[in-house]
Amino acid sequence: TAGPALPQHATDGQAHDDEPDDGEEPFELDLRAPELELQPRKPHPLEGKSAKEIAEAFARDPTSLGSISLGRPSAGGLINGVQMPKGEGWTLMDPGHAYGTQETVDYLVRAITAVRARFPDSHDVYIGHISARRGGALRPHVSHQAGRDVDLSYFYNDDSARWYRRATDTNLDRARTWAFVRALVTDTDVDLILIDHALQTLLSDYALSVGEDPAWVQGLFKGVPGVRRPLIFHAKGHATHLHVRFHNPISQETAARAYQALVAKGYTNAATAFVTHRVKRAETLGMLAKKYGTTVPEIRAANGLRNNKIRFKQLLKIPKQDKLGRSDAVRIPPRRLPPAGGGKSVQR
């Protein structure tokens, strides 16, 4: 039978209206700086399988291919997603929207476990949205569509840790939060981490104070001009949580190898991408829906609007249908490992 239309909108579960929109992120970050090195290519589980064999396997049992991260984080879908399990060390804030690829789930468990191994008395990491069960648009985000994005809490140094608490110079637990960021960078395939710039300063200063290599720390937060971009970026709204996006060498490559099978089953028919629009004088939602080929309810849902009122200069996310084309070749840069012997006090 034909696969479900993509995307799954955030109407199948409780949307988080209180969350600020981090949707400006894909439009603000410059990710074009080159990565001159790539990870050595490892054998893929579908290595040696023809497109026909993959299609036949998918037709017999779609789950046999494992998790598939289809398309882009801001216009994609998730096939054979895995729900983040309950576990010691983390609390799920919205289990119905905590689906990711198997790689994403494994990476999260690995990083959280690494922090608790060093700090057994740590409070839970609060896990917000990852993706919907089948990916696709998830209000209020632009991203979180392909099972590779996740919102995570910071660690706090007092007894009032909770989801969406603003981290500050006073309450941020630098040791645990840095250990968390460090584990994400060194033990998983991180694409980017979004952290408020003020908190970046606190964390980078702490990293240097415990003996981390200055050039390595500089590369994480600032990049190396002409060589590689940073891994850690500022984005509005990320003083209350950090946002992590992972590379998924297996799940992304599976999407490329199984593309013909996905086309045949209808999984690539439509995804929701977004454009941003700043409201001009006298514009209405009906005018915008006609201009962009969408509907008023879709615009309202994408922006959490309770009625049709919009205001001059308001920035809106406009959803538009975008066919999921064949994935580009999966190019995963090497992990940003510190020099041998760096950060000795961190490793104790």
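Conventions used here
Residues numbered from 1 in each chain as written. Predicted model: local features only at pLDDT ≥ 70, side-chain atom pairs only at ≥ 80, totals over all residues. Heavy atoms only, no water. Helix = DSSP H or I, 4+ residues; strand = E, 2+ residues; numbered from the N terminus. Contact = heavy atoms within 4.5 Å. Pairing = 2+ DSSP bridges. Core = buried A, V, L, I, M, F, W, Y, C linked by side-chain atoms within 4.5 Å. Buried < 20%, exposed > 50% of the residue type's maximum accessible area, 1.4 Å probe, protein only. Expected span 1.5 Å × (residues − 1). 1 Å grid on protein atoms, 1.4 Å probe; cavity = no way out; pocket = protein on both sides within 12 Å on 5 of 7 lines; lining within 4 Å. Points joined across faces, edges and corners; volume = space filled by probe spheres on them. Nonpolar A, V, L, I, M, F, W, Y, C, P; charged D, E, K, R; others polar. Arc of directions from axis to C-beta. Salt bridge = Lys/Arg side-chain N within 4 Å of Asp/Glu carboxyl O. pLDDT = per-residue confidence, 0-100.

Student: Where do I start with the overall build of the protein in this structure?
Tutor: Assigned secondary structure in the protein consists of 11 helices and 12 strands. Restricting the contact set of the protein to residue pairs at least 6 apart, pairs at least 24 apart contribute 76%.

Student: I tried to follow the pairing of strand β1 (residues 68–72) on my own but got confused; where do I start?
Tutor: Within a regular strand, side chains alternate between the sheet's two faces. Strand direction decides the pairing type here: β1 and strand β2 (residues 75–79), joined by 5 bridges, are antiparallel. For glycine 71, the partnering residue across the bridge sits in β2 and is glycine 76. Counting the residues in the hairpin turn of β1 and β2 gives 2 residues.

Student: Please explain unusual backbone geometry as it appears in this structure.
Tutor: Most of the time, phi is negative for any residue but glycine, and the peptide bond is trans. The omega torsion of the bond from arginine 139 to proline 140 falls at 10 degrees, within 30 degrees of zero and hence cis. Even without a glycine there, the phi angle at asparagine 80 is positive, about 60 degrees. Relative to the elements of secondary structure, asparagine 80 occurs in the loop between β2 and β3 (82–83). Of note in the backbone geometry, histidine 144 takes a positive phi value of approximately 65 degrees without being a glycine. Checked against the element boundaries, histidine 144 lands in the loop between β6 (125–127) and β7 (149–152).

Student: I'm lost on the nonpolar core in this one. Help?
Tutor: Generally speaking, nonpolar side chains in soluble globular proteins are found buried as a group. Counting 50 residues, the largest nonpolar core has Met84, Ile127, Leu152, Phe180, Ile193, Ile195 and Val244 as its most contacted members. Leave out the neighbours within four places in its chain, and methionine 84 touches Trp90, Leu92, Ala98, Val105, Leu108, Val109, Ile127 and Ile130. Within the second largest apolar cluster, 13 residues are counted, among which are Leu46, Phe58, Leu70 and Leu262.

Student: Looking at this model, I keep getting lost on helix α3 (residues 102–118). Mind explaining?
Tutor: Taking 1.5 Å per residue as the helical rise, α3 with its 17 residues ought to reach 24 Å, and the 25 Å between its terminal C-alpha atoms agrees with that figure. Considered for burial, the residues of α3 that qualify are Glu103, Thr104, Val105, Tyr107, Leu108, Ala111, Ile112, Val115 and Arg116.

Student: What is the right way to look at the layout of surface pockets in this model?
Tutor: Over the atoms, a rolled probe matching the size of one water molecule traces out where space is still vacant. When its volume is computed, the second largest pocket comes out at roughly 740 Å³. Contributing elements (two or more residues each) for the lining of the second largest pocket: α2 (51–60), α3 and α7 (249–257). The biggest single contributor to the lining of the second largest pocket is α7, with 6 residues. For the lining of the second largest pocket, the per-class residue count stands at 13 nonpolar, 8 polar and 14 charged.

Student: For this particular structure, what's the right way to read α2?
Tutor: Of all the residues in α2, the buried ones are Ile54, Ala57 and Phe58. When α2 is viewed along its axis, its buried side chains cluster within an angular range of 100 degrees and face the same direction. Exposed side chains of α2 directed beyond 90 degrees from the buried face belong to Lys52 and Arg60. Buried residues along α2 sit against β1, β2, α7 and α8 (259–264).

Student: Looking at this structure, I do not really get the pattern of salt bridges. What am I missing?
Tutor: Pairs may arise between side chains of opposite charge once their charged atoms sit close together. This structure, assessed with the given rule, holds 11 salt bridges. Here arginine 257 makes a salt bridge to glutamate 47, at a shortest N to O gap of 3.3 Å. In this pair, arginine 257 sits in helix α7 while glutamate 47 sits in the loop between α1 (25–28) and α2, placing the two residues 210 residues apart along the sequence. Taking the shortest distance from any N to any O, the salt bridge between arginine 176 and aspartate 121 comes out at 2.7 Å. Highlighted residues: arginine 176 in helix α4 (residues 174–187) and aspartate 121 in the loop between α3 and β6, separated in sequence by 55 residues. Under the relative-accessibility criterion, arginine 176 is labelled buried at 15%.

Student: Would you mind going over the confidence of the model for the protein with me for this structure?
Tutor: Mean pLDDT over the protein stands at 84; residues scoring 70 or higher make up 84%. Counting interchain partners and residues more than four positions distant, the pLDDT-below-50 stretch residues 1–28 has 73 contacts. When the criterion is pLDDT under 50, residues 344–348 qualifies, and its contacts beyond four places in sequence or with other chains add up to 10 contacts.

Student: What should I look at first to understand the side chain of arginine 165 in this one?
Tutor: Topologically, arginine 165 is positioned in the loop between β7 and α4. Classification of arginine 165 by relative accessible area gives buried; the value is 13%. Setting aside residues up to four positions removed in sequence, arginine 165 forms contacts with Tyr156, Asp158, Ser160, Asn171, Ala239 and Thr240.

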